[in-house]
Amino acid sequence: MPPMWFKMIKVLVLLFALFTTGTNAQAQVQQQQQQPQQQSTPAPHIRRPPSDSSEKRYLNVSNSSQCGDEPNQESKSFCTQVDNYPDLSALKQKLAGKFARFFNDELQPQDVSARVGTADDEVFLCRTNRRILYPKKGLKADNSWQLIVNDEEFKQGIQIEECEEKDLPCGYAENFPQRYKPVCRQHFVMRNLASIPNSGQLDVVQDVFKIPSCCKCVLVKNL
C-alpha cells in the first residue's frame, strides 16, 4: 500500500490538471465570442477625391487689373502676365471648334484713320506708343477686367496705340487760344475676344474689350 504522502501528491496533480484545463477552455470560449464581433465591424469608408480628368475647375479672379509680377507691363489696358493663369487644356476642343475664328495671325488695324502719306514736316501734338500684344487680361467695354484666352496653342494678337501722356497738355499748347485747353485724350475701338469668366466653372465666352486705337489732341473750354 503506497504511503499517504504519495496519495496527496496524486490528488494535487489531478487538481492542477483540472484547473489548467478549465482555464484554457474558458479562454477559448471568450475568444470565440469576441471573434464574430470583430468580423461584423464594418471597415471604414474612404472617400477618394475625383481624378483630374473628371474634376471641374472653378475660378474666382478679381475684376481689377492685378497684372502678374512683371516689372514693366506693356499696356495700361491689358496684362501680358497674370498670376495663376488657368490651364486651358480642358477647353481645347471648344476653342478649336466654336472659337477657332478668334485665333489667327492676321491683325486688323485698330486706327480707322490710317496715317497714309504723312509728310516729314508734320508734327503730332500727342506722343503715342504703338505695338502688338498677346494679352491674358484686359479692360472690357464696361471698364471691368477679365481674363483673355492666350496660351502657346491659342493666341489672340491685338495692335494697340496708347497715349504716352494721357490727359496732359498737348504739344505747342501755348499757341492755342486762351479760352481753350488742349489735352491728349485716349481713344478706343471695341473688339470681340475669346475670354474666360472671372468666376464659376472654367469656360470660354465672347466679350467686348476696349482696344486703345489712337491718342488725339482735344480742346477743352476753360470755365
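Under the annotation held in an unreviewed UniProt entry, the protein carries the name Protein spaetzle isoform X13 and is attributed to Drosophila kikkawai.

Caption draft 1: Layout of the pattern of salt bridges. Under the counting rule described, the total for this entry stands at eight salt bridges. For D203, the salt bridge goes to K94, with nearest N and O atoms at 2.8 Å. Here K94 lies in helix α2 (residues 92-96) and D203 lies in the loop between β8 (199-201) and β9 (205-221), a separation of 109 residues in the sequence. Using a relative accessible area of 26% as the deciding quantity, one classes D203 as partly exposed. For D167, the salt bridge identified is with R185, shortest N-O distance 2.7 Å. Here D167, found in the loop between β6 (158-163) and β7 (180-196), pairs with R185, found in strand β7; they are 18 residues apart in sequence, far enough to count as distant. A relative accessible area of 41% places D167 in the partly exposed class.

Caption draft 2: Examining a nonpolar patch on the surface more closely. A surface patch of nonpolar side chains, amounting to about 280 Å² of accessible area, comprises V123, L125 and Y172. Position of Y172 relative to the elements: it lies in the loop between β6 and β7. Here Y172 falls in the partly exposed class, since its relative accessible area comes to 48%.

Caption draft 3: Molecular detail of the sheet that holds β7. The strand order β2-β4-β5-β7-β9 describes an open sheet built from five strands, whose pairing is antiparallel. Each edge of the sheet is formed by a strand with only one pairing partner; in this case those strands are β2 (78-79) and β9. Bridging between strand β4 (residues 137-139) and strand β5 (residues 145-148) involves three bridges; their strand directions are antiparallel. For K137, the partnering residue across the bridge sits in β5 and is L147.

Caption draft 4: Layout of the side chain of E162. Within the secondary structure, E162 sits in strand β6. The class of E162 is buried, set by a relative accessible area of 4%.

Caption draft 5: Spatial organisation of the packing of aromatic side chains. For the coordinates displayed, the defined rule picks out two aromatic pairs. Of note, K136 hangs over the ring of Y85, and the distance from its end group to the ring centre comes to 4.8 Å. The ring of F188 is capped by K210, whose NZ or CZ atom sits 4.6 Å from the centre of that ring.

Caption draft 6: Up close: the nonpolar core. Counting residues in each nonpolar core, the largest one holds 18 residues, and the members touching the most others are L95, F103 and V149. When residues of this core are traced back to their parent elements, those giving at least two are β5 and β7. Sequence-distant contacts of L95, that is, excluding residues within four places in its chain, are made with L88, A100, F103, V149, F154 and V204. Within the second largest apolar cluster, eight residues are counted, among which are F78, I148, L193 and F209.

Thresholds, definitions, all that
Residues numbered from 1 in each chain as written. Predicted model: local features only at pLDDT ≥ 70, side-chain atom pairs only at ≥ 80, totals over all residues. Heavy atoms only, no water. Salt bridge = Lys/Arg side-chain N within 4 Å of Asp/Glu carboxyl O. Helix = DSSP H or I, 4+ residues; strand = E, 2+ residues; numbered from the N terminus. Buried < 20%, exposed > 50% of the residue type's maximum accessible area, 1.4 Å probe, protein only. Patch = residues over 30% accessible without salt bridge, like charges linked within 9 Å, V, L, I, M, F, W, Y side chains within 5 Å. Areas by Shrake-Rupley, 256 points an atom, 1.4 Å probe, with all protein chains shown as cover. Pairing = 2+ DSSP bridges. Phe/Tyr/Trp six-rings, centres within 6.5 Å; stacked < 30°, edge-to-face > 60°. Lys NZ or Arg CZ within 6 Å of the ring centre and 35° of its normal. Core = buried A, V, L, I, M, F, W, Y, C linked by side-chain atoms within 4.5 Å. Contact = heavy atoms within 4.5 Å.

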